[in-house]
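Letter by letter, the chains look like this.
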Amino acid sequence: MKKHLLLCTLLLCLSNLHAQTWLKGNLHTHSLWSDGDDYPEMIMAWYKASGYHFVGLSDHNTLQEGEQWRWIPRAPERRRAFGRYLHTYGSDWVVYEKRGKDSLRVRLKTFKEYVPLFEEKGRFLILPSEELSASYAGKPLHLNATNIRGFVPVQRGNSVREVLQSNIDAVMAQRRISGQPMFPHINHPNFHFAISPDDMLALKHERFFEVFNGHPAVFNYGDSTHLGMEPLWDQINLHYAQIGQPLMYGLATDDSHNYHFFGLQYANTGRGWVMVRADSLHGGAIVEAMEAGQFYATTGVELADLQQSSQAIALRIKTEPNVKYTVQFIGVKKGKNVSEILREVATTHGDTSLIRYTLQGDEWFVRAKISSNKEKFNPYFPEDKEVAWTQPVGPTHWPTIANVSPLPNAHAHNDYEHNRPLWDALEQGFTSVEADVYLLQDSLYVAHNRPYYRDPARGLEKLYLRPLRQRIRQNGGKVYPNFTQPFYLFVDIKTGAEDTYAALEKTFQRYRDILKACTRKNCNQAPVQIVLSGNRPIETMSKQSERLAGLDGRPGDLGKKISPQLMPIISDNYRNHFKWLGQGEMSAEEKTKLLDLVKRVHAEGKKLRFWASPENEQVWQTLRSAGVDLINTDRLEELRKFLSTTK
């Protein structure tokens, strides 16, 4: 019966997808702005005419800004390329100079100049992109940054892992600061065999890599001593699943450089792409849909339908005449350390049946590979056939965290932006975490900015309430064994106060067994205390005789006779009170202001927290010495080390 209901659910979802449009895109290509051999306009014209909906023109360490001239070699193909460019766009557009001895140089058009020629609402989009190209000990270490707001300077490091991680962190930092959805992805790990499996396993905040890259020198299939991309992918995801890290997704890209000659020795267009199911042709929507796994990678095979959940994969192939297809469901079962084919289905043209795999509960993850016997036009490798890959799915595996000393003063700001929301904080001993929440169509989503894609995996319950309840049950009724103080879950309301609170109340009722309930005078001793911040429903909550949440107050709320049962915390922006950033000593005037605020907060039986405080030990030590109760940070490990070694 359970399997029947699951199948019915998948069929219903698939029927609803027929009205949606798949968006075709390539996220890795090059132009004359770096080491490509054609002009951005000519490249974008090809992709648009070839049915692509979006492209990331990702030149090395540049964002195609400022004045850039290129000398055009006398090689016939390069001069013919210039002639085609001039003929297509005319001398009013093309800026060039001819000098003595037949020399020729051309000014390249910037991103802002050429984008308006091609972008068309609902039809074609160019994503601001950059290939961050670094190296370590002669090894080329490349990763792409997609839908970026501005130039990302390449970062260095003292090892392959450190270089990769520092560049990933740079992209994620721009995302946090700008609020624009963007992501990094690891390019061609086997290019010069620069990136080992161990290097990949150690990365944080990385959700994407190239399972297929169309450049002839990247060894997609490995060699006698190096893993190919598919077994590497499975090894990464086995490790990620075991530690509770979100699964890695696989991209197919062109990595095109050559546009005038075609063949196995050239990096050409049209070899690999992604098909994304997004609500709109918008950069933010594409990024968030991909982060939710709503896409597949392909070198030619197309799907008519695809629906995935943590429990199943169901798909239909868009079949072609005289082509045979094989669907392999590949995964790793518990107790094993290598992937295997769990189910295989053969099909041909005209077969519109649903092909599915239902997880049995003993898999770490499962993905589908759809192979055909159709030869790939202009293949990456001799005799390649067209293939597609779905993204891996699997149940949530909550990690086991033991022997951690709880830190009563540690608050994880924007906790949901960490590599493993909640779990990274728990692993460091934090006793307070914060999640921004949006109410969208009666569902509560955790996100820093209003999400474009409503991903069920980003729900408040899934990320925080369910795993907290599970951990509390495992620890005999506590978040940490022998920790008797409350664990604070701050919920920062980003949508309307009243509507969001009504939805939160319904959700909290399902977790009464772990949540602190308060009347106007007393609270029980439950292990988790909810604190509502942001758009706070102060009036509504003050009238309730019982609540499963308290309020995050502000200094202006002091002296208003608001009980600590209703308002257990007082928080404010550090910059509203202090100019000192940790250099030298805090001024006597500011220190007096700090101590006075701590005294006033504590006199009302409440705790004090500052957000946006400088992230350094001098500030942390000053706040802690003054009696600030919760030290706010995005740097979990650094604060843990500080609090564990200082008094």
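Counting restarts for each chain, with residues numbered from 1 along the sequence as it is written. Note on the predicted model: pLDDT of at least 70 is required for a residue's local features to be given, and 80 or more for side-chain atom pairs to be given and counted; whole-chain, interface and lining totals, by contrast, use all residues. The basis for the side-chain values is all heavy atoms of the structure; hydrogens and waters are excluded.

**Considering the sheet that holds strand 3 (residues 69–71)**
Now for step 1: Strand order in the open sheet made by the three strands is 3-5-4, with antiparallel pairing throughout. Every other strand in the sheet has two partners, leaving strand 3 and strand 4 (95–99) as the edge strands with one partner each. Strand-to-strand, the axes of this sheet are offset by a mean angle of 20 degrees, without reference to chain direction.
Now for step 2: For strand 3 and strand 5 (residues 103–107), the ladder comprises three bridges, and the chain directions are antiparallel. A pair of strands is considered paired only if DSSP assigns at least 2 bridges between the two. The way it works is that DSSP assigns letters per residue, a run of H or I at least four long becomes a helix, a run of E at least two long becomes a strand, and they are numbered from the N terminus. Angular values range over 0 to 180 degrees, each being the angle between N-to-C directions of two axes fitted as lines to C-alpha atoms, with helices fitted over their stretch in contact.

**Some remarks on the packing of helix 10 (residues 460–474) against helix 11 (residues 497–509)**
Now for step 1: Helix 11 packs onto helix 10 with a crossing angle of 40 degrees between their chain directions and a minimal axis gap of 12 Å. Judged on the interaxial angle alone, helix 11 and helix 10 are oblique. By crossing handedness, the relation of helix 10 to helix 11 is classed as right-handed. In contact with Leu460, Glu461 and Leu465 of helix 10, helix 11 contributes Leu504, Thr507 and Phe508.
Now for step 2: Its residues placed into classes, the contact of helix 10 with helix 11 shows four nonpolar, one polar and one charged. Between 65 and 115 degrees an angle is taken as roughly perpendicular, under 35 as roughly parallel, over 145 as roughly antiparallel, and anywhere else as oblique. What makes a crossing left-handed is the near helix being turned counterclockwise from the far one by less than a right angle; a clockwise turn instead makes it right-handed. By definition in these notes, contact holds between two residues if any of their heavy atoms fall within 4.5 Å. For this classification, the nonpolar set comprises Ala, Val, Leu, Ile, Met, Phe, Trp, Tyr, Cys and Pro, the charged set comprises Asp, Glu, Lys and Arg, and every other residue, Gly included, is treated as polar.

**Observations concerning the sheet that holds strand 17 (residues 355–358)**
Now for step 1: If you walk across this open sheet you meet the three strands as 13-14-17, and the pairing is antiparallel. Strands at the two margins of the open sheet, each flanked by one partner only, are strand 13 (303–308) and strand 17. Averaged over all neighbouring strand pairs, the angle between strand axes comes to 5 degrees, with direction disregarded.
Now for step 2: Sheet analysis places strand 13 next to strand 14 (residues 312–317), joined by five bridges and oriented antiparallel. Within the sheet, the bridge partner assigned to Asp305 lies in strand 14 and is Arg316.

**Regarding unusual backbone geometry**
Backbone geometry follows two general trends: most residues other than glycine have a negative phi, and most peptide bonds adopt the trans configuration.
Now for step 1: Even without being glycine, Asn61 reaches a positive phi, approximately 50 degrees.
Now for step 2: Tracing the sequence through the fold places Asn61 in the loop between strand 2 (54–57) and strand 3.
Now for step 3: Partly exposed describes any residue whose relative accessible area lies between the buried limit of under 20% and the exposed limit of over 50%, with all areas from a 1.4 Å probe on protein chains only and scaled to the type maximum. Exposure remark for Asn61: the relative accessible area of 30% places this residue in the partly exposed category.
Now for step 4: The backbone phi angle of Asn403 is positive, close to 55 degrees, even though this residue is not glycine.
Now for step 5: Note that Asn403 resides in the loop between strand 19 (385–390) and strand 20 (407–412).

**Structural notes on the state of the cysteines**
Now for step 1: Note that a disulfide, as used here, is simply two cysteine sulfur atoms within 2.5 Å. Under the counting rule described, the total for this entry stands at one disulfide.
Now for step 2: Between the sulfur atoms of Cys518 and its disulfide partner Cys523 the distance amounts to 1.9 Å. Between Cys518 and Cys523 the disulfide shows an S-S torsion of about 110 degrees. By sign, it is right-handed.

**Let's talk about helix 5 (residues 160–178)**
Helical periodicity: at 3.6 residues per turn, an α-helix aligns residues three or four positions apart in one direction.
Now for step 1: A rise of 1.5 Å per residue sets the reference length of helix 5, with its 19 residues, at 27 Å; its end C-alpha atoms lie 28 Å apart and thus fit the reference within 8%.
Now for step 2: For helix 5, the complete set of buried residues consists of Val160, Val163, Leu164, Gln165, Ser166, Asn167, Ile168, Ala170, Val171, Met172, Gln174 and Arg175.
Now for step 3: Where helix 5 is buried, its residues contact strand 6 (125–136), strand 7 (139–146), strand 8 (183–186), helix 6 (197–201) and helix 8 (283–291).
Now for step 4: Following helix 5 by one or two positions, Gly179 adopts a phi angle in the positive range, close to 75 degrees. To estimate how far a helix should reach, multiply one less than its number of residues by 1.5 Å.

**A closer look at the packing of aromatic side chains**
Now for step 1: Geometry of aromatic contacts follows a simple scheme: Phe, Tyr and Trp rings, the Trp one being its six-membered ring, pair when their centres are within 6.5 Å, and the pair is stacked under 30 degrees between planes, edge-to-face over 60, tilted otherwise. All chains considered together, the criterion is met by 28 aromatic pairs.
Now for step 2: Judged by centre distance (6.0 Å) and plane angle (25 degrees), the ring pair of Phe261 and Tyr266 falls under stacked.
Now for step 3: Residue classification places Tyr266 among the partly exposed residues on the basis of a relative accessible area of 24%.
Now for step 4: Ring geometry for Tyr574 and Phe578: centres 5.1 Å apart, planes at 55 degrees, overall tilted.

**Overview of the nonpolar core**
Now for step 1: Within the largest apolar cluster, 69 residues are counted, with the highest numbers of intra-cluster contacts made by Tyr464, Phe508, Ile530 and Leu532.
Now for step 2: The element contributing the most residues to this core is helix 10, with six residues.
Now for step 3: Ignoring sequence-local partners within four residues, the contact set of Ile530 consists of Leu465, Leu489, Val491, Phe508, Leu515, Leu548, Ala549 and Gly550. Grouping buried Ala, Val, Leu, Ile, Met, Phe, Trp, Tyr and Cys residues that are joined through side-chain atoms within 4.5 Å yields what is termed a nonpolar core.

Coordinates in, geometry out; function isn't part of it.
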